Structure formats: structure tokens, C-alpha cells
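Each chain, letter by letter, is given below.
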Amino acid sequence: MKKKSTTILALAGAVILAAGSLAGCGSNAAASSGQTDVTSESASQTSRADAASAPTDQASQADASGQEESLSGSILMVGSTSMETLATALAEGYMELHPEVTVSAEFVGSGAGIEAVLGGTADIGNSSRNLKEEEKAAGAVENVVAIDGIAVCVDPANTASGLTKQQLIDIYTGKVTNWAQAGGADVPIVVVGREAGSGTRSAFEEILGIEDQCAYANELDSTGAVMAKVASTPGAIGYVSLDVVDDTVTALPLDGVEATAENIKAGGYFLSRPFVMATMGDVSSQSPLVQDWFAYVLGEEGQAIASSVGLITVE
Amino acid sequence: MKAEKSILPGAGSLIGKKSGAAAERAAQIVFTACASFAILAVASITLYLVLSGTPAIFQVGLKEILFSTVWAPTAAQPRYGILYVILTSVVGTGLAILLGVPVGILTAVFLAEVADERVAAVVKPAVELLAGIPSVIYGLLGIYLLNPAMYRLERWLFRDSATHQFTGGANLLSAVIVLAIMILPTVINISETAIRAVPPSIKAASLALGGSRIQTIFKSILPAAKSGIVTAVVLGVGRAIGEAMAITLVSGSSVNAPLPFRSVRFLTTAIVSEMGYSSGTHRQMLFTIGLVLFVFIMVINLILTRVLKKGGQTP
């Protein structure tokens, strides 16, 4: 009897301890179950990503079987920092199709990129401007792969009909501060721009030749914020990538040319710049790998990537 | 019932004798681990900030960072002076405290001493609701209500000025007003608790000696609640100086001297606004700004805690 009761006591004690530890771990258990949720979610994301990449894998196999041999080797691009987003996206897309190929990119500036391709240390020189005559004379060939376009927008109530390049420069450097001086009503100009480091800002200032001379009244950290500010502030002027302009703002014609993709391709709209992948000699004289790279970049997939990062495609 | 009674003391003695010491030790380890989490967090944040914030100091120089007024991180010759940014945080927080604390304390007096129950029943939940509103909502309201109103005031005040840069209402004053409103609930709730904690005998003695209600409030009750009110101010300063989301939307974010109608950038918004596209020294500088903010808050906390201790001793 004594022994039996001790056993019961021991059992009861064990149960109490177990219950206590369970209660104590209540929050822990919840936390860890939360974690498993996260892992399972990320796992399902991975599997979805796998599923998404699977067709492209098949496509690449089909591609490879279409060619005599699968491509391998490496491509080195050197050049413009402005082209970093485009170059990285294109490189990733290409390497997904051709796992044997390594596409690497260095971002040191347009001039240095063309120098590298002329000196033979890089396959491709990235340049976010047209090539200069002396660069072309030295053998560099300009292959435009996409165009970066920027729209200058004002609030819908603004009566200014357009701006010249000089007016735009004067407004952004703070020389002109009232729309009456720029063909509009007597309303002060609120100069809106992007934060230092933004690609749109560097392109805008570079094309106008006013790097680091701008007197911004508002430095906003996203395209959406610039649009909202310009739309809601009388007399505001801002710049955004061409593809995001909508009805909430008015895009001003510059030097009398409307901001449209067609005008930019035709070359009349000055607030745009070509993204060039320069080669030493024509593309047709390059290695098969580089030729295939250009076929990809200028083909459907490459141009889709270009427009997905907000650029205008080239036909 | 009887069985339970006989089992439980037995179980207790069983735990006490055999696994009791182990359970005690285990519990102590768990408690210590929990407590050390907070310390671990503070220590790792400090370590991380110092490690990632110091490289830029050695590259740029502490004197240039703290005493130069030019912030041009992406220029050909980058400048990383954050004097205006520091001054903006000091002036902005100071003005918000000057504006918010008197209103907050008087509201607390009103709730605790003056208001009849029906009015208090409306005001009190309103204040509590204010405390629960996310800061980004304050920012949105600032954009849609405060900025346009401020822009009208700005255009009226500077209608004859030839040199003023119009900001569209996004300026220091807007940010200060938003901050002042944001610290109100903190100041009101803590001050009210402090005022209610004043022993009724103090109030009774003052009234018995012939003091009026106003005299009693300002000469007896508020001095007696001083330490609690100082705590309220400390927490208010903490909230104001650390706030980023709301003021990044209303302050304009250009680096300028902290004048009421200039677009300004705070220490917090300086980090937020340029984190997206920064790289190299520019990015390291943003961590340095974080380090400056961290040191700043530490110093203010130390000073105010000292004041708080003194305040606690005198009554």
C-alpha cells in the first residue's frame, strides 16, 4: 500500500511538472509554431519560384538544343553607374538561360567603360551617353540597347505651355523663381526633386549639365512622392521617369516637343539619354557569346527587362 | 477532494526533495536568459552602430562631418557635412517641446482637476485614441491638411520677397506642429497620472489656507507632481527626436538651416530618405548619422535623468 501510494504520488508529481512546463512554454510554443508557418511559407515561395523558373529552364534547354553547342564562357561589362539596374537585370536574366555563362559587370562610369573596351580589358563598355567622335574614331561602336526618358511635370492648374532647356536650367538652379518669368501665371515655383543617389536625379542633372547646382525646395525619396507633391501643390515642378506619368500631373513639352516615347525615339525630346553597350568593332565581329548576348538584349526578353526597369525600348 | 489533499502535500515534498533544486536552477537560468535579452539587444545595437558608423568618420573626418554645412554626397567632390541636419533635429525637437508640453500639462491639469466627469469622459478617450494613431497617419494628415494651409501662409508672408525659396508648405514649422501633436498623448497621460498621485492632503491644506483653485494647482499640486511631469517631458523628447515617418512626409527633406519656412532635414529623415540608393562612403555616412543620433539620444537621456533625479529629491 505504501509503495503503491508513492508510485501514485510520483506519477501525480510528474503530471503537475509536465502541465507546468507546458503552461510555461505556452508563448514559446506559439512563437515556434509561428516560425514553422514562416518556413513553410518561404518553402512554398521557393517552390513557386522553382515552378516559375522551370519553363524558362525548359526554354533554355530548347535554345541550347537548337544551337550546335551550348554557350559557355564569360562576358565582362564595364561602365556607367546609371546603367547598373539595367545591366544587373539583363545579366541575371541571361545567366538564368545560360547557366554555363558568367556575365559580370563593373560600374565605374561611362568614360572609363569605353576606355576599357577600347583597351581590350572589357567585352562591352556601358555608356549612358552617346559616344564621342574620338571614341568612334578609335573603333568603338555604339549599340543603343534602351533609352532613359524623363518627364518634367507640373500641377494640372499650371498655365505654362512648355519650357525651353535654358528655362528648365534656370528654374532648377534657382535663377527663375516665379512662373510669370517662364510663361505662366504669377505663381511662385516650388522646385521638387529626388534625393541624392537617385538614378532619375543623376540623369536629370547630367543631361542639363547642372550636377550639384540644383536648389531643391523638396527632396523626396520616391517617384510616387514626387508625383503626389506636384499634383497637390500649386506652382510645383518635378521630374519623374517617363513611364509613370499619369493624369494627376501635366507633363510639359520641352523645347516645343511633347514628352512621349515616340518623340524620344525620333530624337527631338532632349531630356533623354541612350543606354549604350559599346563594342570594339561591330557586333557581328564579336565572339559568338557576345553576339548571342546582343541577340538576347535586343530581343524580346531583353527589351521586356528594359521596360520593366522603366526604360524605353529600342526597335 | 480528500484524495487530492493527501496527494498535494506529498507531491510538494517530493519536488522539494528530489527535483526541487534542479527546477529552481532551471527557473533561474530561464529568468536570467530572459533578462539578458534586453541587455544583449542594447549591446549588439551599440556594437553594430559603432562598427558600421566609424569607418566614414575616419574617411571623411569628424570635424568635416559635424561642422560643415554642405551635404552633397553624390557630387564629384562629395561633401558630408551634417551641421544643419543636427541643428534641425535640436531646434525642431526643442520647438515641438515648447509647443506640446505646456498644452499637454494644462490638458492633464484640466482632466485631473478642472473638468467635470462628463467632459473628462469625452476628452480622456480622445487623448488615448491620439496615442494609438500610427505616425504615418500623422504624416498623411500633415500632407493633406497642414502643408496646403502652411503654403497659403507662406505665400502671404513672403509675397514681396525676391529671395525666398517657396517650399509648398513642407517646412520646419509643419514638422514642428506634427511633432508637437504627436508628443501630446505621452505628456498628457503621464502628467495626469502624476497629478492624480499627489496626496489629497496637499490640495486640502492649500485650500484650507485660503488658496484659490488656480493658486492650489500652480503652487501646490504641480510642484508636488514635478518628478512625474519631468518623466513625461523626457519621454516626449524621446518620441519627438526619434520620429521619422511623419516628419519625412511634411518637412521637405532638403538640407537647409533650421528656419521656420525653410525645407529641412532631420537626423532621422536623413537616414530614411537616402538609404534606398546610397552606396560606398555615402551609405557608411548614413550609418554615421545613425551613430550621431544614438549618441545624441544617450546624452539627452543622461542629462534629463539627472534633472529628473534632482526633481525627485526636492519635494
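Everything numeric here is computed off the predicted structure, so don't read it as measured data. (Residues numbered from 1 in each chain as written. Chains lettered and ligands numbered in written order. Predicted model: local features only at pLDDT ≥ 70, side-chain atom pairs only at ≥ 80, totals over all residues. Heavy atoms only, no water.)

With that settled, the discussion passes to the nonpolar core. Ranked by internal contacts, the top residues of the largest apolar core, which has 37 residues, are Leu168, Ile171, Tyr172, Trp179, Phe204, Ile237 and Leu271 of chain A. Looking at this core, the elements with two or more residues in it are strand S5 (144–154), helix H6 (165–172), helix H7 (199–208) and strand S8 (236–241) of chain A. In contact with Tyr172 of chain A, not counting residues within four places along its chain, are Val191, Val192, Phe204, Ile210, Gln213, Cys214, Ala215, Tyr216, Ile237, Gly238 and Tyr239 of chain A. Listed in part, the 35 residues of the second largest apolar core include Ala108, Val109, Ile247 and Val264 of chain B. (Core = buried A, V, L, I, M, F, W, Y, C linked by side-chain atoms within 4.5 Å. Buried < 20%, exposed > 50% of the residue type's maximum accessible area, 1.4 Å probe, protein only. Helix = DSSP H or I, 4+ residues; strand = E, 2+ residues; numbered from the N terminus. Contact = heavy atoms within 4.5 Å.)

Counting residues at the interface gives 27 residues for chain A and 29 residues for chain B. Roughly 2,300 Å² is buried in total at the junction of chain A and chain B, and carbon and sulfur atoms are behind 57% of that figure. At the surface where chain A touches chain B, the tally comes to one salt bridge. A salt bridge links Arg265 of chain B to Glu219 of chain A; the nearest nitrogen and oxygen atoms lie 3.0 Å apart. When residues in the side of chain A that touches chain B are grouped by element, the largest group, six residues, is from helix H1 (residues 2–24) of chain A. Here the side of chain A that touches chain B is built from residues that sort into 16 nonpolar, four polar and seven charged. (Buried area = accessible area lost by both parts, 1.4 Å probe. Salt bridge = Lys/Arg side-chain N within 4 Å of Asp/Glu carboxyl O. Nonpolar A, V, L, I, M, F, W, Y, C, P; charged D, E, K, R; others polar.)

On to the environment of Gly111 of chain A. You can see Gly111 of chain A is positioned in helix H4 (residues 110–118). Between the C-alpha atoms of Gly111 of chain A and Ile305 of chain A, which are 194 residues apart in sequence, the distance is 25 Å.

Moving on: the pairing of S8 of chain A. Residue and element names in this part refer to chain A. The buried count for S8 comes to six of six residues, which makes it a mostly enclosed element. Where S5 and S8 come together, five bridges link them in antiparallel fashion. Note that in S8 the partner of Val154 across the bridge is Ile237. Direction of pairing for strand S6 (residues 190–194) relative to S8: parallel, over a ladder of two bridges. Residue pairing for S8: Val190 is matched across the bridge by Ala236. (Pairing = 2+ DSSP bridges.)

Bringing the domain arrangement of chain B into the picture now. Residues and elements named next belong to chain B. Looking at chain B, the domain boundaries give domain 1 (1–60) and domain 2 (83–312). Between the C-alpha centres of domain 1 and domain 2 there is a distance of 37 Å. Facing 13 residues of domain 1, the contacting portion of domain 2 comprises eight residues. A buried area of about 870 Å², summed over both sides, lies between domain 1 and domain 2, and 75% of it is on carbon and sulfur atoms. Of all residues in domain 1, the largest losses of buried area upon contact with domain 2 belong to Leu49, Ala56 and Gln59, amounting jointly to 43% of the total for that side. The interface formed by domain 1 and domain 2 includes zero salt bridges. (Domains from an automatic or database assignment.)

Residues and elements named next belong to chain B. On the surface, a cluster of nonpolar side chains totalling about 650 Å² of accessible area is made up of Val136, Ile137, Leu140, Leu141, Tyr144, Leu145 and Met245. Broken down by element, the residue count for the nonpolar patch peaks at six residues, all from helix H5 (residues 135–157). Looking at where Leu141 falls in the secondary structure, it is placed in helix H5. (Patch = residues over 30% accessible without salt bridge, like charges linked within 9 Å, V, L, I, M, F, W, Y side chains within 5 Å. Areas by Shrake-Rupley, 256 points an atom, 1.4 Å probe, with all protein chains shown as cover.)

This part is about the side chain of Asp292 of chain A. Residues and elements named next belong to chain A. With respect to the helices and strands, the residue Asp292 is situated in helix H10 (residues 288–298). No salt bridge is formed by the buried Asp292; the nearest opposite charge belongs to Lys265, separated by 23 Å. Polar contacts involving the side chain of Asp292 include one to the side chain of His98, which spans 3.4 Å. (Lys, Arg positive; Asp, Glu negative; His and termini not counted. Polar contact = N/O pair within 3.5 Å; in protein donor to acceptor, adjacent residues only side chain to side chain.)

The next point concerns the pattern of salt bridges. Per the counting criterion, the structure on display carries 13 salt bridges over all chains. Here Glu195 of chain A and Arg194 of chain A are joined by a salt bridge, their closest N and O atoms 3.3 Å apart. Across the pair, Arg194 of chain A and Glu195 of chain A agree in class, each one buried. We note a salt bridge from Glu192 of chain B to Lys124 of chain B, for which the minimum N-O separation is 2.7 Å. Of this pair, Glu192 of chain B sits in helix H6 (residues 172–196) while Lys124 of chain B sits in helix H4 (residues 117–132), and the two are 68 residues apart along the sequence. On the accessibility criterion, Glu192 of chain B (4% relative accessible area) is buried. Because the salt bridges share partners, they merge into one network encompassing Arg201, Glu205 and Glu219 of chain A together with Arg265 and Glu274 of chain B.

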